[in-house]
Amino acid sequence: MHFTDLGLRAEILRSISEQGYDTPTPIQAQAIPVVLAGRDLMAAAQTGTGKTAGFTLPILQLLSSRETGLSLKRFKPRCLVLVPTRELAVQVHDSVRTYGKHLRLKATAIYGGVGMGGQLSALKGGVDIIVATPGRLLDHIEQRSVDLSGIEILVLDEADRMLDMGFIRDIRRIIALLPKQKQSLLFSATFSDEIRGLATGLLNDPVSVEVARRNATADNVAQSVYHVDRDRKRDLLIQLIDEHKWHQVLVFTRTKHGADALSDRLGKAGIKSAALHGNKSQNQRQRALDDFKRLKLNVLVATDIAARGIDIDELPHVVNYELPNVPEDYVHRIGRTGRAGSSGQAVSLVCVDEHRLLRDIERLLKKDIEKKVVAGFEPDPRIKPEPIQKPRGAGGGRDGKASHGARQGQPSRHAPAKPSFGARQGQGGRRNAGSSRGARDY
Ligand code: AMP
């Protein structure tokens, strides 16, 4: 199938070919006709599947070909895309701009962590499409700087993440302000009861679309585990980067503090590196990402939440410096490489503390990951496992909530996340910690 078979208008096809795409990904091939037909959609798709274009392209088509009718309506936004993080808001907004380059539609991104001024003037000027994180959108709603009564299409992108981050009440408040008559699209990597509950209330006779989960399709990602002692991970990572001349590596740590410390050490070893996490300002994060994309930085050390939605074509290497507490996060992490057909390499540095986490991940993947030991880095069998340490002043494996609590000088309210299978559901405390408005500080 080609994009030209989907009935998209010439201006959109032109932007697609300018991007160098000719074949729709499976999610695009399935979702685009459904959205174009005006149906509600419930899509199981993760980052890396091409889902963004899967909803952006048909939305651009629908909005550009529909008459707005009343002149008053011109100034009301017509499509709202809700996303969990600032980074994703920027990326989805970029996609809308890229694919809509030859159309006259206007779009803006609304997210926290930056001043309201720029967003206010964009909204005042009139926009067709808003890509927003829930918290900041509510700020605008409270200030009456946005009127959602003209919304024709609603997208909830990465709905599972939004719920994980405690946005459910914010989302419900926003939905209550939208017209009843609208088209709704829900994208989620996983389908918990909570997501299904949200979908039942929101979607009207939806078409369900599912693409193979990343854990089933990561064949183009070569995965390996290096067994190494806890205190020798840094040196092993430096050796691997130097020896294999890795030039663009996304490294995951469990904590913000760990990300900073590792990035410093890599810097001292002469490796150009930056840390990306929730304590960095929006500008710092964007600069780090841009530098990484342009290879001015060779290593980006990131926490799970900060790395969420990082969109880099053909990222060659992902390193799990520490395994994630939640097995599904492993799948998300390695999904940053081997995208859209290119091959990638995912390396995990695993010490004796993490054997159980590794087993949980292998159980989720339903396969064993290849194990390696580098000469000179053989694990010392006398070292005993230690409980996995949480960051100073933080309680959860997720940096956002941790930073919120830490900033307010609160003691941790989380028990250390149990690294068990299905821990995502089991970490109710994470979801309930802090107000939902606080959750937007990720
Ligand atoms: P997403 O899942 O939306 O984050 O997209 C993953 C990556 O795939 C992005 O870097 C897109 O630019 C890229 N992509 C999206 N659609 C296609 C396509 N049809 N062919 C090749 N690459 C694509």
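The following paragraphs examine the structure supplied in this document. Here the structure is a predicted model, which means the values were calculated and not measured.

### Structural notes on the nonpolar core
The biggest cluster of nonpolar side chains holds 40 residues, and the ones touching the most others in it are Leu41, Leu57, Ile59 and Leu185. At seven residues, helix 3 (residues 51-65) tops the list of elements feeding residues into this core. Not counting residues up to four positions away in its chain, the partners in contact with Ile59 are Val35, Cys79, Ile153, Val155 and Leu185. Leu80, Leu156, Ile168 and Ile171 belong to the second-largest nonpolar core, a separate cluster that totals 33 residues.

### Here's the deal with the packing of helix 2 (residues 26-36) against helix 3
Look at helix 2 against helix 3: their axes get within 8 Å of each other, and the N-to-C directions meet at 25°. With respect to helix 3, the axis of helix 2 lies roughly parallel. As helix 2 runs across helix 3, the sense of the crossing is right-handed. Touching Ile27, Gln28, Ala31, Ile32, Val35 and Leu36 of helix 2 are Lys51, Ala53, Gly54, Leu57, Pro58, Ile59, Gln61 and Leu62, all from helix 3. When its residues are assigned to classes, the contact of helix 2 with helix 3 shows ten nonpolar, three polar and one charged.

### Let's talk about the environment of Gly335
Looking at the secondary structure, you find Gly335 in the loop between helix 15 (327-334) and strand 13 (344-350). In this structure, the C-alpha to C-alpha distance between Gly335 and Gly48, residues 287 residues apart in sequence, is 6.3 Å.

### A word on helix 1 (residues 10-18)
Those residues of helix 1 that fall on the buried side of the exposure criterion are Ile12, Ser15 and Ile16. Within helix 1, the buried residues cover an arc of 100° as seen down the axis, which keeps them to one side. The inward-facing, buried residues of helix 1 abut helix 3 and helix 4 (86-99).

### Some points on the sheet that holds strand 14 (residues 370-372)
If you trace the seven strands from one edge of the open sheet to the other, you get 10-11-9-12-13-8-14, paired in parallel fashion. Among the strands making up the open sheet, the edge pair consists of strand 10 (273-276) and strand 14. Neighbour to neighbour, the strand axes of the sheet diverge by 25° on average, direction disregarded. Judged from the four bridges that link them, strand 12 (residues 317-320) and strand 13 form a sheet pairing that is parallel. Following the sheet pairing, Val318 is matched in strand 13 by Ala346. Strands strand 9 (249-252), strand 10 and strand 11 (299-302) of the sheet are contacted by helix 13 (residues 282-293), whose axis makes an angle of about 140° with strand 11.

### Structural notes on the environment of His227
Within the element layout of this structure, His227 appears in strand 8 (residues 221-227). In this structure His227 comes out as buried when scored by relative accessible area, which is 18%. Taking the C-alpha atoms as reference points, His227 and Val373, 146 residues apart in sequence, are found 5.6 Å from one another. In this structure His227 touches Val350, His355, Leu358, Lys371, Lys372, Val373, Phe377 and Pro379, once residues within four positions along its chain are discounted.

What counts as what
Residues numbered from 1 in each chain as written. Predicted model: local features only at pLDDT ≥ 70, side-chain atom pairs only at ≥ 80, totals over all residues. Heavy atoms only, no water. Core = buried A, V, L, I, M, F, W, Y, C linked by side-chain atoms within 4.5 Å. Buried < 20%, exposed > 50% of the residue type's maximum accessible area, 1.4 Å probe, protein only. Helix = DSSP H or I, 4+ residues; strand = E, 2+ residues; numbered from the N terminus. Contact = heavy atoms within 4.5 Å. Axes fitted to C-alpha atoms, helices over the stretch in contact; angles between N-to-C directions. Parallel < 35°, antiparallel > 145°, perpendicular 65-115°, else oblique. Left-handed = near helix turned anticlockwise from the far one by under 90°. Nonpolar A, V, L, I, M, F, W, Y, C, P; charged D, E, K, R; others polar. Arc of directions from axis to C-beta. Pairing = 2+ DSSP bridges.

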